[in-house]
Amino acid sequence: MTEQLRLMAVHAHPDDESSKGAATMAKYVSEGVDVLVATCTGGERGSILNPKLQGDKYIEEHIHEVRAREMDEAREILGVKQEWLGFVDSGLPEGDPLPPLPQGCFALKDVEEAAEPLVKLIRRFRPHVITTYDENGGYPHPDHIMTHKISMVAFDAAGDPAKYPDAGPAWQPQKLYYNQGFNRPRTVALHEALLERGMDSPYGEWLERWKEFQRAERTLTTYIPCAEFFEIRDKALLAHATQIDPDGGWFRVPLDLQKEVWPTEEYELAKSLVDTSLPEDDLFAGIRDNA
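Just so we're clear, the structure is a prediction, and the values are computed from it rather than from any experiment. (Residues numbered from 1 in each chain as written. Predicted model: local features only at pLDDT ≥ 70, side-chain atom pairs only at ≥ 80, totals over all residues. Heavy atoms only, no water.)

With respect to the sheet that holds strand 6 (residues 222-225)
Then step 1. Strand order in the open sheet formed by seven strands is 3-2-1-4-5-7-6, with mixed pairing between adjacent strands. Across the chains shown, the open sheet's two edge strands, defined by having one partner strand only, are strand 3 (81-87) and strand 6. Ignoring strand direction, the axes of neighbouring strands in this sheet form an average angle of 30°. (Pairing = 2+ DSSP bridges. Helix = DSSP H or I, 4+ residues; strand = E, 2+ residues; numbered from the N terminus. Axes fitted to C-alpha atoms, helices over the stretch in contact; angles between N-to-C directions.)

As structure tokens, this is what we get:
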């Protein structure tokens, strides 16, 4: 293919791009693919999850600016481009009953209207492939679910010149994937490998919750070999210092074990306008060949 391949990853908050598909993006950047992260919200309502930074008044009062700087650092580490869609974080409601979502937040926007900034970005960047979340949001955060909704609308609308006529010349992406990196087969494999080596596993509670919620298994169609980029993934994740505890569960599985036991990141092919054979090991399968 003579034209440069382009990949767009649509995420809800700054830090999502580093916890979902980051090694995949770094791999494609190393191969010369143009990669753009579209971040829907600024993460303004995200809790400070790093205990070392909790209680910091400056961070609490300037969380939007702090998270933007963290995103800049992660972007540089991954080697990707990044743009904000400009929506306001909805927060994660807690309690019983759940409180209403904040007025004006991303999750309360009209889906067709909220898709327009993403359509504009797709038509300007012209990605061949888009990654996003499934209908459950990966986990049921209202912003993740809304990210799924606008991604589905934008994927179909971007190639239709009759839709969003003021959003630029039409461009039709060829494939759309759901991130499925937090899948049960991977979790079980790493959990069992840790126990076999006499090590503690951070995944015991995860697996119990899977049973409790009777979470349906997703169809994993695409396995991207990217183990050599796990260090870059972790470095980008640590750049989001307000969100990530460096001593937390994210980093309790030795990298050597991860590379040996589960050296891929996984996706679910949701839409394809090209012929491809499953399972795949390339998000651009069927696009390279048919160009």
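A few points about the pairing of strand 1 (residues 6-11)
Then step 1. Of all six residues in strand 1, six are buried, a share of seventy percent or more.
Then step 2. The alternating pattern of strand 1 places Arg6, Met8 and Val10 on one face and Leu7, Ala9 and His11 on the opposite face, and all of these are buried.
Then step 3. Strand direction decides the pairing type here: strand 1 and strand 2 (residues 34-41), joined by six bridges, are parallel. Bridging across to strand 2, Leu7 finds its partner in Val35.
Then step 4. Here three bridges tie strand 1 to strand 4 (residues 129-132), and the two strands are oriented parallel to one another. Residue pairing across strands places Met8 opposite Ile130, the latter belonging to strand 4. (Buried < 20%, exposed > 50% of the residue type's maximum accessible area, 1.4 Å probe, protein only.)

Concerning the pattern of salt bridges
Then step 1. Scanning all chains against the criterion turns up 21 salt bridges.
Then step 2. For Asp15, the salt bridge is made with Arg67, and the minimal N-O distance between the two is 2.5 Å. Here the residue Asp15 occupies a position in the loop between strand 1 and helix 1 (16-19), and Arg67 occupies one in helix 4 (residues 63-78), the gap between them amounting to 52 residues. There is no split in this pair, since Asp15 and Arg67 are both buried.
Then step 3. Here Asp247 makes a salt bridge to Lys52, at a shortest N to O gap of 2.7 Å. A residue pair is termed long-range when its members are at least 10 positions apart, and Asp247 in the loop between helix 9 (230-239) and helix 10 (255-261) and Lys52 in the loop between strand 2 and helix 3 (57-61) qualify at 195 residues. Across this residue pair, the class does not change: Asp247 and Lys52 are exposed.
Then step 4. Beyond isolated ion pairs, a larger network of salt bridges with shared partners links Lys27, Glu31, Asp282 and Arg288. (Salt bridge = Lys/Arg side-chain N within 4 Å of Asp/Glu carboxyl O.)

Remarks on the nonpolar core
Then step 1. Met8, Leu118, Ile122 and Ile150 are the most contacted members of the largest nonpolar core, which has 29 residues in total.
Then step 2. Mapped onto this core, the elements with two or more residues apiece are strand 1, strand 2, strand 3, helix 5 (111-125), helix 6 (142-157) and strand 5 (175-179).
Then step 3. Counting 24 residues, the second-largest nonpolar core is a separate cluster that includes Leu7, Met25, Leu78 and Ala236. (Core = buried A, V, L, I, M, F, W, Y, C linked by side-chain atoms within 4.5 Å.)

Considerations on helix 2 (residues 22-30)
Then step 1. The element helix 2 is extensively covered by neighbouring structure, given that seven of its nine residues are classed as buried.
Then step 2. For helix 2, the complete set of buried residues consists of Ala22, Ala23, Thr24, Met25, Ala26, Lys27 and Tyr28.
Then step 3. In the stretch just after helix 2, Gly32 is the one whose phi turns positive, near 90°.

Things to note about the environment of Pro140
Then step 1. Mapped onto the secondary structure, Pro140 falls in the loop between strand 4 and helix 6.
Then step 2. Expressed as a C-alpha distance, the spacing of Pro140 and Leu257, which sit 117 residues apart in the sequence, is 30 Å.
Then step 3. Not counting residues up to four positions away in its chain, the partners in contact with Pro140 are Leu92 and Ile145. (Contact = heavy atoms within 4.5 Å.)

Observations regarding the packing of aromatic side chains
Then step 1. In the structure shown here, the tally under the stated rule is six aromatic pairs.
Then step 2. Members of the aromatic cluster, joined through ring pairs, are Phe182, Tyr203, Trp206 and Trp250.
Then step 3. Above the ring of Phe230, the side-chain terminus of Arg233 is found at 4.3 Å from the ring centroid. (Phe/Tyr/Trp six-rings, centres within 6.5 Å; stacked < 30°, edge-to-face > 60°. Lys NZ or Arg CZ within 6 Å of the ring centre and 35° of its normal.)

Focus on the side chain of Thr264
Then step 1. By secondary structure assignment, the location of Thr264 is in strand 7 (residues 264-272).
Then step 2. For Thr264, the side chain forms a polar contact with the side chain of Glu266, separated by 2.4 Å.
Then step 3. Residues within four places of Thr264 in sequence aside, it is in contact with Tyr223, Ile224, Pro225, Cys226 and Phe230. (Polar contact = N/O pair within 3.5 Å; in protein donor to acceptor, adjacent residues only side chain to side chain.)

A closer look at the side chain of Asp15
Then step 1. The buried category is assigned to Asp15, whose relative accessible area is 12%.
Then step 2. When neighbours within four sequence positions are excluded, Asp15 is seen to be in contact with Arg67, Leu237, His240 and Gln243.

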